[in-house]
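Chain by chain, the residues run as shown.
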Amino acid sequence: MEYVTLNNGVRMPVLGYGTYQTPPDITEKCVSEAISLGYRSIDTAQCYGNEKEVGTACKKSGIARKELFITTKLWGCHSYQDTLRSIDSSLKRLNMDYIDLLLIHEPTGDIYEIYGAMEKSYKDGKLRTIGVSNFLEENYLKLINHCKIIPAVNQVETYVFRQQQKLRELECQIGTKHESWSPLACGKNNIWHNPVLVQIAKSNSKSVSQIALKFLIQQGIMAVPKSIHAKHMKENLEVFDFDLDAEDMQQIRKLEIGNSLFGWW
Ligand SMILES: NC(=O)c1ccc[n+]([C@@H]2O[C@H](COP(=O)([O-])OP(=O)(O)OC[C@H]3O[C@@H](n4cnc5c(N)ncnc54)[C@H](OP(=O)(O)O)[C@@H]3O)[C@@H](O)[C@H]2O)c1
């Protein structure tokens, strides 16, 4: 596993395991499988409804808490007090003393109040790092001009067809690391049969999924692919034994389509 060092010195695995739309009744099994295969970073969220099961799988794994990196995301918070309570409720569901990375899931509500409460909980030792998700340029800059602690991470829709080059350059200047959600474009846009990716996969003796993930992590972008199948979980982890050359990277850069495949942000 490779790690990215965040702006407060905390190290985060560059590759993690996503749990969006993983039903609670299979989350414990999936997360247990992912951890036993070697994943150490797990991405959940209050609105996924599976924090409790993620926490149980972590506890039962027998892996020391400090070897795991748990991300969760706030949902539906409005005020400072509200957010403090919400953080405690996540800690309770996860059954953990601290969260490695807490994100504001999306720029809604009073982001200054919400982020202020996250800064307080960070200082109190409940959170090892804090950040945001789905903050595109305008909202990201608004927060930067107001916050005391620069967000360590911005988790945004990012994959071969939507590369977020401009936002990434801005974050790099300010000191926020970029993280991809849906690093496999959730299978959209016929990604598995994209001729450029298929050809690069063939020439590197890898799969399309491994090429799509490597394109991100080779640029230091954290990624949290999701799969409920052990075969795919394992395949997605096997990306540290090769590098894409400059020509492959250039070919993939040309796959940018300039808009979202999800239409959320
Ligand atoms: N912050 C946000 O607003 C936000 C939004 C969306 C997602 N996320 C996070 O990002 C994570 C990943 O995003 P995602 O779940 O939307 O999509 P994704 O990881 O881009 O793609 C998941 C899809 O790809 C398939 N897949 C995975 N590995 C594969 C492989 N090696 N070969 C073939 N198919 C494969 C999965 O099917 P199988 O299960 O059948 O393998 C699933 O259908 C989420 O789980 C969540 O943690 C965050």
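Further up the page is the structure itself.
Residues numbered from 1 in each chain as written. Predicted model: local features only at pLDDT ≥ 70, side-chain atom pairs only at ≥ 80, totals over all residues. Heavy atoms only, no water.

(A) A look at the state of the cysteines. All chains considered together, the criterion is met by zero disulfides. Sulfur of C186: no disulfide; nearest cysteine sulfur belongs to C47 and is 14 Å away. (Disulfide = S-S within 2.5 Å.)

(B) A look at the packing of helix α2 (residues 51-61) against helix α3 (residues 80-94). Packing of α2 against α3 leaves a shortest axis separation of 7 Å and a crossing angle of 45°. Looking at the two axes, α2 sits oblique to α3. Across the interface between the two elements, E51, K52, V54 and G55 of α2 pack against S90, R93 and L94 of α3. In terms of residue class, the contact of α2 with α3 is made up of two nonpolar, two polar and three charged. (Axes fitted to C-alpha atoms, helices over the stretch in contact; angles between N-to-C directions. Helix = DSSP H or I, 4+ residues; strand = E, 2+ residues; numbered from the N terminus. Parallel < 35°, antiparallel > 145°, perpendicular 65-115°, else oblique. Contact = heavy atoms within 4.5 Å. Nonpolar A, V, L, I, M, F, W, Y, C, P; charged D, E, K, R; others polar.)

(C) Representation of the sheet that holds strand β4 (residues 41-43). In spatial order, the strands read β3-β4-β5-β6-β7-β8-β9-β10; together these eight strands make up an open sheet with parallel pairing. In this open sheet, the two strands that pair with only one neighbour each are β3 (17-18) and β10 (222-223). Examined bridge by bridge, strand β9 (residues 177-181) and β10 share two bridges and lie parallel to one another. Of the residues in β10, the one forming a bridge with E179 is M222. Here α3 sits on the sheet and contacts β5 (69-74), β6 (99-104) and β7 (127-133); the angle it forms with β5, its principal contact strand, is near 140°. (Pairing = 2+ DSSP bridges.)

(D) Local environment of the site of the ligand. Around the ligand, a shell composed of 28 residues is seen, among which D43, Q155, S182, S227 and H232 lie nearest. Within the side chain of N134, an N or O atom sits 2.9 Å from an oxygen atom of the ligand. At a separation of 2.9 Å, an oxygen atom of the ligand approaches a polar side-chain atom of H229. For the ligand, whose accessible area on its own is 900 Å², the fraction buried by protein is 87%. Taken atom by atom, the bulk of the ligand overlaps the largest pocket. Examining the composition of the shell around the ligand, we find that three residues originate from one element, helix α9 (residues 230-237), more than from any other. Residue classes in the shell around the ligand are distributed as 12 nonpolar, 12 polar and four charged. (Near = heavy atom within 4 Å. Polar contact = N/O pair within 3.5 Å; in protein donor to acceptor, adjacent residues only side chain to side chain. Areas by Shrake-Rupley, 256 points an atom, 1.4 Å probe, with all protein chains shown as cover. 1 Å grid on protein atoms, 1.4 Å probe; cavity = no way out; pocket = protein on both sides within 12 Å on 5 of 7 lines; lining within 4 Å. Sits in = over half its atoms within 2 Å of the grid points.)

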